[in-house]
Amino acid sequence: MEALAGLYPHLRSMRNTGQHIDERIRRIGAKGKQMPPGVIVLEAIDGRDFVSCDGEGIARRLPVRAETLGAFVAKAQAVVDALDGDGAPE
């Protein structure tokens, strides 16, 4: 996740909203802080963007495009390439 933070700095807070959606509904943000009043976008697709609020109640966007998927695939492949081993043991 940290490897993608440089490309998508709000990715972690967006993931946390998905994990703690029950808290966001009750306006409980990151680290138990009360979120400000207003509309909360829990998760939505807007055109070609995935939209989700962060722990502060701010709507953040993640582009849903081939380039975004390519960045995720490249980072995942880098993790796999860093593992030792040649496959299943015999």
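Criteria and thresholds
Each chain has its residues counted from 1, running along the sequence as written. Per-residue local features of the predicted model are confined to residues with pLDDT of at least 70, and side-chain atom pairs are confined, for both listing and counting, to 80 or more; whole-chain, interface and lining totals are unaffected and use all residues. Calculation of side-chain values draws on the structure's entire complement of heavy atoms; hydrogens and water are dropped beforehand. By the criteria applied, helices consist of DSSP H or I runs no shorter than four residues and strands consist of E runs no shorter than two, each listed in order from the N terminus. Just to be clear, the radius of gyration here is over C-alpha atoms, and the globule rule we use is 2.2 Å times residues to the power 0.38. The classification of residues rests on relative accessible area computed with a 1.4 Å probe and restricted to protein chains. Under 20% of the type maximum is buried, over 50% is exposed, and intermediate values are partly exposed. Contact criterion: two residues are considered in contact whenever any of their non-hydrogen atoms come within 4.5 Å of each other. Throughout, the Shrake-Rupley method with a 1.4 Å probe supplies accessible areas, and for residues the shown protein chains are the sole cover considered. Within this scheme the basic residues Lys and Arg register as positive and the acidic residues Asp and Glu register as negative, but His and the chain ends are omitted. Charge coordinates come from a single atom per side chain, which is NZ of Lys, CZ of Arg, CG of Asp or CD of Glu. Remark: nonpolar core denotes a set of buried residues (Ala, Val, Leu, Ile, Met, Phe, Trp, Tyr, Cys) joined through side-chain atoms within 4.5 Å. Definition used for salt bridges: Asp or Glu carboxyl oxygen within 4 Å of a side-chain nitrogen of Lys or Arg. Two strands are counted as paired when DSSP detects at least two bridges linking them. Lines fitted to the C-alpha atoms define the axes, with helices restricted to the stretch that makes contact. Angles between their N-to-C directions range from 0 to 180 degrees.

### As for the overall build of the protein chain
No. 1: From N to C terminus, the protein chain includes 4 helices and 3 strands.
No. 2: Along the protein chain, helices (α) and strands (β) appear in the sequence α-α-α-β-β-β-α when read from the amino end.
No. 3: In terms of C-alpha radius of gyration, the protein chain reaches 17 Å, well past the compact-globule figure of 12 Å for 90 residues.
No. 4: Reported as C-alpha extents along the three principal axes, the dimensions of the protein chain are approximately 55 × 30 × 20 Å.
No. 5: In the protein chain, which comprises 90 residues, the share counted as buried stands at 22%.
No. 6: Long-range pairs, those at least 24 residues apart, make up 36% of the contacts in the protein chain between residues at least 6 apart in sequence.
No. 7: About 6500 Å² of surface is accessible on the protein chain, with carbon and sulfur atoms providing 58% of the total.
No. 8: In the protein chain, which carries 12 positive and 13 negative side-chain charges, the distance between the mean positions of the two groups comes to 11 Å.

### A closer look at the nonpolar core
No. 1: In terms of nonpolar packing, the biggest core is built from 5 residues, these being Y8, L11, M14, L62 and A71.
No. 2: Leaving out residues up to four positions away in the same chain, M14 has contacts with F50, S52, C53, R60, R61 and L62.

### A closer look at the pattern of salt bridges
No. 1: Counting across every chain of the model gives 6 salt bridges.
No. 2: Between R26 and D22 there is a salt bridge whose closest N-O contact spans 3.7 Å.
No. 3: For R26, a relative accessible area of 49% translates into the label partly exposed.
No. 4: Classification of D22 as partly exposed rests on a relative accessible area of 43%.
No. 5: For the salt bridge of D49 with R65, the shortest nitrogen-to-oxygen distance reads 3.2 Å. Linking D49 in strand β2 (residues 49-53) with R65 in the loop between β3 (59-63) and α4 (66-82), this pair joins segments that are 16 residues apart in sequence.

### Re the pairing of β3
No. 1: Judged by which residues are buried, β3 turns out to be one-sided: R60 and L62 face inward and are buried, whereas A59, R61 and P63, on the alternate face, are not.
No. 2: Bridge count between β2 and β3: 5 bridges; the pairing is antiparallel. Along β3, the bridge assignment pairs V51 with R61.
No. 3: The hairpin formed by β2 and β3 contains 5 residues between the paired strands, and G57 there has a positive phi angle of roughly 90 degrees.

### Comments concerning the sheet that holds strand β1 (residues 44-46)
No. 1: Strands sit in the order β1-β2-β3 across an open sheet of 3 strands; the sheet is antiparallel. Where the open sheet ends on each side, the last strands, each with one partner, are β1 and β3. The mean angle between the axes of side-by-side strands here comes to 35 degrees, regardless of whether they run parallel or antiparallel.
No. 2: Pairing between β1 and β2: 3 bridges, direction antiparallel. When the sheet's bridge partners are listed, A44 is paired in β2 with V51.

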